Amino acid sequence: MTVSLIVNGQRRTVSATPDTPLLYVLRDDLDLNAAKYGCGLGQCGACTVHLDGKAVFSCLTPIGSTQEREVTTLEGLGTQEQPGILQQAFIDEQAAQCGYCIAGMIMRAQSLLDRNPAPSDAEIRRHMQPNLCRCGTHHRIIRAIKRASAVLGSRNGKGDAS
Ligand code: FES
Ligand code: FES
């Protein structure tokens with residue numbers, strides 16, 4: 001089938017069998033390699049992207065279900081030269097060890113900050129539960145999310161004052 005969807009703000013058209021995982025299409029057809037294949041079973045979160053603003057496991061999302069929908073990947077949050085706020089916070093906190101889980105972690109965390117820019121520690125921990133890090137950098141990951149939240153808060157504060 002032919003699927004037309006919006007990926008990182010751009011319309012893309014791909015040809016694939018309907019049950020092809022979105023993850024495969026992103027990596028193999030669209031050259032978007034940030035999302036990773038970990039388990040392929042919805043158990044690790046390495047493949048996390050946004051579908052219409054919600055964090056989903058792209059390994060379990062059939063491309064046939066994405067017709068005319070919006071997908072955002074890590075590449076859509078910023079660039080190496082101009083990282084997004086959360087990406088910069090992960091860099092500042094040196095939250096990656098091997099890095100394999102990090103794209104998924106950032107996309108999961110971004111979906112939280114998009115709806116709640118000032119989450120509590122408990123909310124962060126609960127929200128991040130589906131994503132696993134085999135290197136055990138969870139403390140740094142949580143610090144990075146809190147750092148991004150603080151930056152968002154200070155920007156909003158400035159906006160209120162002006
Ligand atoms: Fe998708 Fe593990 S690769 S959840
Ligand atoms: Fe290695 Fe998370 S940094 S799996």
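Each chain carries its own residue numbering, running from 1 in the written order of its sequence. Lettering of chains starts at A and numbering of ligands starts at 1, both following the order in which they are written. In view of the model being predicted, local features appear only for residues whose pLDDT reaches at least 70, and side-chain atom pairs are presented and counted only at 80 or more, with totals across whole chains, interfaces and linings using the full set of residues. Side-chain metrics in this entry use all non-hydrogen atoms of the structure; hydrogen atoms and water are not considered.

## Some remarks on the side chain of Ser58
Stated precisely, the cut-off is as follows: Secondary structure elements are defined from DSSP: runs of H or I of at least 4 residues count as helices, runs of E of at least 2 residues count as strands, and each element is numbered from the N terminus. Burial classification: accessible surface area is computed with a 1.4 Å probe over protein chains only, and a residue below 20% of its type maximum counts as buried, one above 50% as exposed, and the rest as partly exposed.
Here Ser58 is to be found in the loop between strand E4 (54-57) and strand E5 (70-72). The class of Ser58 is buried, set by a relative accessible area of 0%.

## Side note on the sheet that holds E5
Keep this limit in mind: Note: two strands are recorded as paired if DSSP finds a minimum of 2 bridges between them. With axes taken as lines fitted to C-alpha atoms, and helix axes fitted only over the stretch in contact, angles between N-to-C directions fall between 0 and 180 degrees. Pairs of residues are marked as contacts when any of their non-hydrogen atoms sit within 4.5 Å.
If you walk across this open sheet you meet the five strands as E2-E1-E5-E3-E4, and the pairing is mixed. Looking along the sheet, the strands with just one partner apiece sit at the ends: strand E2 (10-15) and E4. Each adjacent strand pair in this sheet contributes to an overall mean axis angle of 40°, direction not counted. Relative to E2, strand E1 (residues 2-7) runs antiparallel, the two sharing six bridges. Directly across from Thr2, in E2, lies its bridge partner Ser15. Across the face of the sheet, helix H3 (residues 102-115) comes into contact with strand E3 (48-51), E4 and E5 while running at roughly 35° to E3.

## A short note on the pairing of E3
Where burial is concerned, the two faces of E3 agree: the one with Thr48 and His50 and the one with Val49 and Leu51 are both buried. Pairing of E3 with E4, which is carried by four bridges, proceeds in the antiparallel orientation. The partner of Leu51 across the bridge, within E4, is Lys54. Hairpin connection from E3 to E4: two residues lie between these consecutive antiparallel strands, with Asp52 at a positive phi of about 50°. The sheet contact formed by E3 and E5 spans two bridges and is antiparallel. In the strand pairing of E5, Leu51 is matched with Val71.

## Points about the side chain of Ser149
Residue placement: Ser149 occurs in helix H5 (residues 138-161). Setting aside residues up to four positions removed in sequence, Ser149 forms contacts with Leu113, Pro117, Ala118 and Pro119.

## Overview of the pattern of salt bridges
Operational definition: A carboxyl oxygen of Asp or Glu within 4 Å of a side-chain nitrogen of Lys or Arg is what we treat as a salt bridge.
All chains considered together, the criterion is met by six salt bridges. Linking Arg69 and Asp52 is a salt bridge whose minimum nitrogen-to-oxygen distance equals 2.9 Å. With Arg69 in the loop between E4 and E5 and Asp52 in the loop between E3 and E4, the pair connects residues that are 17 residues apart, well separated along the chain. Exposure remark for Asp52: the relative accessible area of 42% places this residue in the partly exposed category. Its salt-bridge partner being Arg147, residue Glu93 comes within 3.0 Å of it at the nearest N-O pair. Of the two residues, Glu93 sits in the loop between helix H2 (85-92) and H3 while Arg147 sits in helix H5, which places them 54 residues apart along the sequence. In this structure Glu93 comes out as buried when scored by relative accessible area, which is 14%. Sharing partners across several salt bridges, the network here consists of Asp92, Glu93, Arg143 and Arg147.

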